[in-house]
Amino acid sequence: MRGRELVRKDVAELFAGRAFWLLLLFVGLLTGQSFISAVDAYAEASGIGGGAAALAQGLSPLDGILVPTAGAYYLAIMLLFPFVAIRLIASEKSSGAWKLMLQWPLRMGDHLVSKVLALLIAWLIALIPFAIAIALWLAYGGHLYAPETINLLAGYTLYFVLTASVAMAAAALMPGAANAAVAILGLTIGTWALDFLATGRGGLVQRLASFTPAAALRVFERGLMRKDLVLALLALSVLALFIAGIALGLGAPLRKRITHSAVAIVVAAIALTLAAHVNISSDLSENRRNSFAPADEQMLANIDRPLTITVFLAAEDPRMNDYENNVLTKLRRTIRDLRVRYPFGGSSALFENDARYGEIHYALGGRTAVERSATEEIVIETIEKLWSGGRPRPPKQDAPDDGTFSSRRPGAAAAPQYPGYPLAKRARGAAWIFYALWPLAVITAWRLRSRRTG
Amino acid sequence: MSVVLRVSRLSARRGRRDVLRDVAFSVLDREILGVIGPNGAGKTTLFECVAGVLPRTSGTIDGEPLFYVPDAIRPWPDQTVRWTLELNARMFGARADASLLDALDLTQLLDQTTASLSKGEAKRLNIALGLSVPRPILFLDEPFDGLDFRQTRHAIDVLKGVVRGSAAPSEGALEAHTTRRTLVLSIHQLSDAARVCDRFLLLDHGRIVGEGTLDELGGNLEEAFLART
């Protein structure tokens, strides 16, 4: 009963601030712009207006429509939502309401859960433009694959929960909304820097960087659901909420609050370390871009010894990027004990005179091989030779037709090929909806709400 | 009268500064206790430590449940007065007393946002927020600060009515859950304090320097205070 009252109060507070209505307005405009550009680009790639069509297999609605459209939410979560979350706490602190609330017969957890629920309601409302974009896409005759669409939304929702929790912690810790906003922006820039610096460097830094919001979102945008990432994002969100709760418990002595915060950080660090060892993931993309062919996966899964790969490429080298995204991502999902080393991870490669530059060394069960190719086919063959000791692979059996697609090398398996979904249609009517109707609806709702409160 | 709240050896620090030092006092059932002291004496800190919204370094607080209304707050500035009052009361399973709102001249302000209230109106709202909570003891920090002399006299009548269980003059009877309270008020205007309080606690530099009724303190609060500090 009181819990429901609390959520209603927080939702009312959310609607009372102009920040939320401005956010809705901008999210609609941003989503519209992203969606219209994406549909037009997709139509051109599909051969609209008599132009040459791209290979149909390369036309995936996930890459072509969903990810660019959802990109609007990346900006919104990073730059707009924190202010809404900060306001929810900072306003009650500065107005004195929080001192009344601390005396209500409720626990701190009730207050925090209520605020998270209110923010999730805000998130669902903010997703309306995305839902409109999806509805328009389907109305144009576009194709969507539900698992990858839901996975993408789940990724963005986890990112939203983390951002909201961290913003709440900042608002709880900092005196004033402006200080909290500066702290959040600083943290965002910090994660960007970490993400940028860690690429292709390996080790703990790269592992840490894989949990930054930008890196985490890239995984979901590839149609991959990594359990370690989900656990890590949830652990960080819970930690931020816990710290917010400690900071908001004004009646507790400072020493006790510091001790509790330190314990929470240690527990979260342990949880993150454990999460990092969870190597379970699901490839939810329709074109199975994160998986090898079933027969190859079976061969790789049988490898019960450590496979060491040493990549003599610099972080900035495009081949490094290709190898990381197209090969290592899949190998990490498949091989039980994979160790990757990046000797040139910290160099720019501009002045690299090492003769080994460009080589990729493989070591498995006492055998070694050196390759320069970063293509999936060559890598699989190299590993296969190392594992089998050069013996030819037994004749491949046709993989059962489980309805999934494969983009793998010829002869690896007989899974059906991803057909691709070209659609040569313009985004008709979308501009009216996103640039006229949506702002009108938001302004009308805001005016109605303002009138109710006099 | 029985003791409803007992505070023993309460101390508090802000940074390196001792703000309260071994403060001890008792609150009697259905009295109006005035905590008197100059700015910086530690009145607000004392109230917030007793209410549990500020940490204390030592001391114990035993007694019946209390509710504390801070000074100069304007809670939920974008919401209406009605919304604010109802929310705070509902959290304790109560509801705002219409007669009380009449008595505090809040009825005509119910649909205004709390941000739009004048200082005096906001102060009356804060008194109503406290009185809407069914807790036997109510701590009000500077309840008359910002009220003009007419409003102050009116608010004093209302508070006395709340403690005695009688109606405020010219208004309807207050509901049972609003009345029969014990009040602890922090007041820096000595004339207001003398008019409303039954007993006084004189606070200076975080220490209690005197305690008693007006008669026990010599009949003049100002003289009593100056003599002790």
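Residues numbered from 1 in each chain as written. Chains lettered and ligands numbered in written order. Predicted model: local features only at pLDDT ≥ 70, side-chain atom pairs only at ≥ 80, totals over all residues. Heavy atoms only, no water.

### Quick word on the overall build of chain A
Argument step 1. Within chain A, the secondary structure is distributed over 16 helices and six strands.
Argument step 2. Looking at chain A as a whole, 50% of its 454 residues are labelled buried.
Argument step 3. In chain A, once contacts between residues fewer than 6 apart in sequence are set aside, the share between residues at least 24 apart is 76%. (Helix = DSSP H or I, 4+ residues; strand = E, 2+ residues; numbered from the N terminus. Buried < 20%, exposed > 50% of the residue type's maximum accessible area, 1.4 Å probe, protein only. Contact = heavy atoms within 4.5 Å.)

### Regarding the layout of surface pockets
If you roll a probe as big as a water molecule over the atoms, it shows you where there is empty space left.
All names here are of chain A.
Argument step 1. The calculated volume of the second largest pocket comes to roughly 760 Å³.
Argument step 2. Lining the second largest pocket we find 29 residues, and of these Leu162, Val166, Leu187, Thr191 and Leu236 sit closest to its centre.
Argument step 3. When contributions to the lining of the second largest pocket are tallied by element, the ones reaching two or more residues are helix H3 (61–95), helix H7 (146–173), helix H8 (177–198), helix H10 (213–221), helix H11 (227–248) and helix H12 (254–276).
Argument step 4. Among the elements that take part in the lining of the second largest pocket, H8 stands out by supplying eight residues, more than any other.
Argument step 5. In the lining of the second largest pocket, the residues fall into 24 nonpolar, five polar and no charged. (1 Å grid on protein atoms, 1.4 Å probe; cavity = no way out; pocket = protein on both sides within 12 Å on 5 of 7 lines; lining within 4 Å. Points joined across faces, edges and corners; volume = space filled by probe spheres on them. Nonpolar A, V, L, I, M, F, W, Y, C, P; charged D, E, K, R; others polar.)

### Things to note about the interface of chain A and chain B
Argument step 1. Taken together, the contact between chain A and chain B spans 28 residues of the former and 30 residues of the latter.
Argument step 2. With both sides pooled, the region where chain A packs onto chain B buries about 2,300 Å², and carbon together with sulfur makes up 60% of that total.
Argument step 3. Counting the contacts that link chain A with chain B gives three salt bridges.
Argument step 4. Linking B:Asp78 and A:Arg87 is a salt bridge whose minimum nitrogen-to-oxygen distance equals 2.5 Å.
Argument step 5. Linking chain A with chain B are eleven residue pairs in polar contact (both at pLDDT 80 or more), by the criterion used here.
Argument step 6. Those elements that place two or more of their residues in the side of chain A that touches chain B are helix H1 (2–16), H3 and helix H4 (97–101) of chain A. (Buried area = accessible area lost by both parts, 1.4 Å probe. Salt bridge = Lys/Arg side-chain N within 4 Å of Asp/Glu carboxyl O. Polar contact = N/O pair within 3.5 Å; in protein donor to acceptor, adjacent residues only side chain to side chain.)

### A word on the sheet that holds strand S4 (residues 58–63) of chain B
All names here are of chain B.
Argument step 1. Spatially, S2-S1-S4 is the arrangement adopted by the three strands of the open sheet, whose pairing is antiparallel. With partners counted over all chains shown, the strands left at the sheet margins are strand S2 (17–28) and S4, one partner each. When the angles between neighbouring strand axes are averaged without regard to direction, this sheet yields 10 degrees.
Argument step 2. Relative to S4, strand S1 (residues 3–14) runs antiparallel, the two sharing five bridges. (Pairing = 2+ DSSP bridges. Axes fitted to C-alpha atoms, helices over the stretch in contact; angles between N-to-C directions.)

### Let's talk about the packing of aromatic side chains
Residues and elements named next belong to chain A.
Argument step 1. Using the criterion set out here, one finds 18 aromatic pairs over all chains in the structure.
Argument step 2. Considering the side-chain rings of Phe20 and Trp21, the 5.7 Å spacing of their centres and the 65 degrees angle between planes classify their relative orientation as edge-to-face. The residues Phe20 and Trp21 share a single accessibility class, namely buried.
Argument step 3. One aromatic cluster is present, formed by Tyr73, Phe81, Trp123, Phe130 and Phe160 through successive ring pairs. (Phe/Tyr/Trp six-rings, centres within 6.5 Å; stacked < 30°, edge-to-face > 60°.)

### Quick word on the environment of B:Asp145
Residue and element names in this part refer to chain B.
Argument step 1. Mapped onto the secondary structure, Asp145 falls in the loop between strand S6 (137–141) and helix H5 (149–164).
Argument step 2. Sequence-wise, Asp145 and Gly120 are 25 residues apart; in three dimensions their C-alpha atoms are separated by 8.0 Å.
Argument step 3. Beyond its immediate sequence surroundings of up to four residues, Asp145 is in contact with Asp71, Lys119, Lys123 and His188.

### So, H11(A)
Argument step 1. Taking 1.5 Å per residue as the helical rise, H11(A) with its 22 residues ought to reach 32 Å, and the 31 Å between its terminal C-alpha atoms agrees with that figure.
Argument step 2. Of all 22 residues in H11(A), 16 are buried, a share of seventy percent or more. (Expected span 1.5 Å × (residues − 1).)

### Thoughts on the confidence of the model for chain A
Interpretation of the predicted coordinates at a detailed level should be avoided for regions scoring low in pLDDT.
Argument step 1. Looking at chain A as a whole, its pLDDT mean stands at 88, while 89% of the residues score no less than 70.
Argument step 2. The least confident element of chain A is helix H9 (residues 203–209) of chain A, whose mean pLDDT is 73; the most confident is helix H6 (residues 128–139) of chain A, at 98. (pLDDT = per-residue confidence, 0-100.)

### Details of the pairing of strand S8 (residues 199–204) of chain B
Residue and element names in this part refer to chain B.
Argument step 1. Judged by how many residues are buried, S8 sits mostly within the fold: six of six residues are covered.
Argument step 2. Residue alternation in S8 divides its side chains into two sets, Arg199, Leu201 and Leu203 and Phe200, Leu202 and Asp204, and both sets are buried.
Argument step 3. Sheet topology places strand S3 (residues 32–36) next to S8; four bridges connect them, and they run parallel. Residue pairing in the sheet places Gly34 in a bridge with Phe200 of S8.
Argument step 4. Across five bridges, S8 lies against strand S9 (residues 207–212) in antiparallel orientation. The residue bridging Leu203 from the neighbouring strand is Ile208, located in S9.
Argument step 5. In this antiparallel pair of consecutive strands, S8 and S9, the connection spans two residues, and His205 shows a positive phi of 50 degrees.

### Things to note about the pattern of salt bridges
Here the idea is simple: oppositely charged side chains can pair when their charged atoms come close.
All names here are of chain A.
Argument step 1. Taken as a whole and judged by the stated rule, the model has 28 salt bridges over all chains.
Argument step 2. When the shortest N-O distance is used, the salt bridge between Asp10 and Lys115 registers 3.0 Å. Placement of the pair is Asp10 in helix H1 and Lys115 in helix H5 (residues 108–126), with a sequence separation of 105 residues.
Argument step 3. On the accessibility criterion, Asp10 (1% relative accessible area) is buried.
Argument step 4. The class of Lys115 is buried, set by a relative accessible area of 1%.
Argument step 5. Members of the salt-bridge network, linked through shared partners, are Lys9, Asp10, Glu92 and Lys115.

### Some words on H6(A)
Argument step 1. Under the 1.5 Å per step criterion, the end-to-end length of H6(A) is 16 Å for twelve residues, consistent within 8% with the ideal 16 Å.
Argument step 2. Backbone geometry just after H6(A) places A:Gly141 at a positive phi near 100 degrees.

### Concerning a nonpolar patch on the surface
Residues and elements named next belong to chain A.
Argument step 1. A contiguous nonpolar patch, built from Leu75, Leu79, Phe83 and Leu185 and spanning about 300 Å² of accessible area, is present on the exposed surface.
Argument step 2. No other element matches H3, which puts three residues into the nonpolar patch.
Argument step 3. Summarising the element assignment, Leu75 is placed in helix H3. (Patch = residues over 30% accessible without salt bridge, like charges linked within 9 Å, V, L, I, M, F, W, Y side chains within 5 Å. Areas by Shrake-Rupley, 256 points an atom, 1.4 Å probe, with all protein chains shown as cover.)

### Overview of the environment of A:Ala441
Argument step 1. Inspection of the secondary structure assignment puts A:Ala441 in helix H16 (residues 430–452).
Argument step 2. For A:Ala441, a relative accessible area of 40% corresponds to the partly exposed category.

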